[in-house]
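# Summary of the model geometry
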Amino acid sequence: MEANAKVTRMPGRIPQWGLDDRLRKVRRDMGMTQEELAAALGVGAKAYGAWEAGTNRPADVLEVAQKMELVSGVPRQWFIGWVDETVGPAGFEPTASSV
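This one's a predicted model, so the numbers in the text were calculated from it and none came from an experiment. (Residues numbered from 1 in each chain as written. Predicted model: local features only at pLDDT ≥ 70, side-chain atom pairs only at ≥ 80, totals over all residues. Heavy atoms only, no water.)

What follows deals with the side chain of E52. Following the sequence through the fold, E52 ends up in helix α3 (residues 45-53). On the basis of relative accessible area, E52 is assigned to the buried category, the value being 3%. Here the side chain of E52 touches R27 through a polar contact of 2.7 Å, side chain to side chain. When residues no more than four places from it in sequence are discounted, the contact partners of E52 are D20, L23, R24, R27 and Q34. (Helix = DSSP H or I, 4+ residues; strand = E, 2+ residues; numbered from the N terminus. Buried < 20%, exposed > 50% of the residue type's maximum accessible area, 1.4 Å probe, protein only. Polar contact = N/O pair within 3.5 Å; in protein donor to acceptor, adjacent residues only side chain to side chain. Contact = heavy atoms within 4.5 Å.)

The subject of this paragraph is helix α2 (residues 34-41). All buried positions along α2 are accounted for by L37, A38 and L41. Projection of α2 onto a plane perpendicular to its axis shows the buried side chains occupying an angular sector of 105°, all on one side. Tucked into the core, α2 has its buried residues touching α1 (19-30), α3 and α4 (61-72). Backbone geometry just after α2 places G42 at a positive phi near 75°. (Arc of directions from axis to C-beta.)

Before going further, it helps to examine the packing of α1 against α4. One can describe the packing of α1 onto α4 by two numbers: an axis separation of 12 Å at closest approach and a directional angle of 15°. One way to sum up the angle between α1 and α4 is to call them roughly parallel. In this structure, α1 meets α4 at a crossing whose hand is left-handed. Residues L19, L23, V26 and M30 of α1 form the contact with α4, whose own contacting residues are V61, M68, V71 and S72. Tallied by class, residues from the contact of α1 with α4 come to seven nonpolar, one polar and no charged. (Axes fitted to C-alpha atoms, helices over the stretch in contact; angles between N-to-C directions. Parallel < 35°, antiparallel > 145°, perpendicular 65-115°, else oblique. Left-handed = near helix turned anticlockwise from the far one by under 90°. Nonpolar A, V, L, I, M, F, W, Y, C, P; charged D, E, K, R; others polar.)

This is the structure in structure tokens:
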């Protein structure tokens, strides 16, 4: 880091994972494309892409979490943030949109 670089600290703040981050992480870990996962969930590729980009959310997040559990084996509670972060897939780094 440069000596003149400005560093912004976030005292007391821990970055959170959003649904977009969780969907992206699991999809990549499964080795699927957005189109493949969208088809497996029974939604359009554009809709799924918007969820993963964080520009839109599913109308029924619980239903999507249930379907993701069936497709991926990852507990639905992790997708909606009801369990501790350590329960989810390892090796994840949140995106700037979730910070």
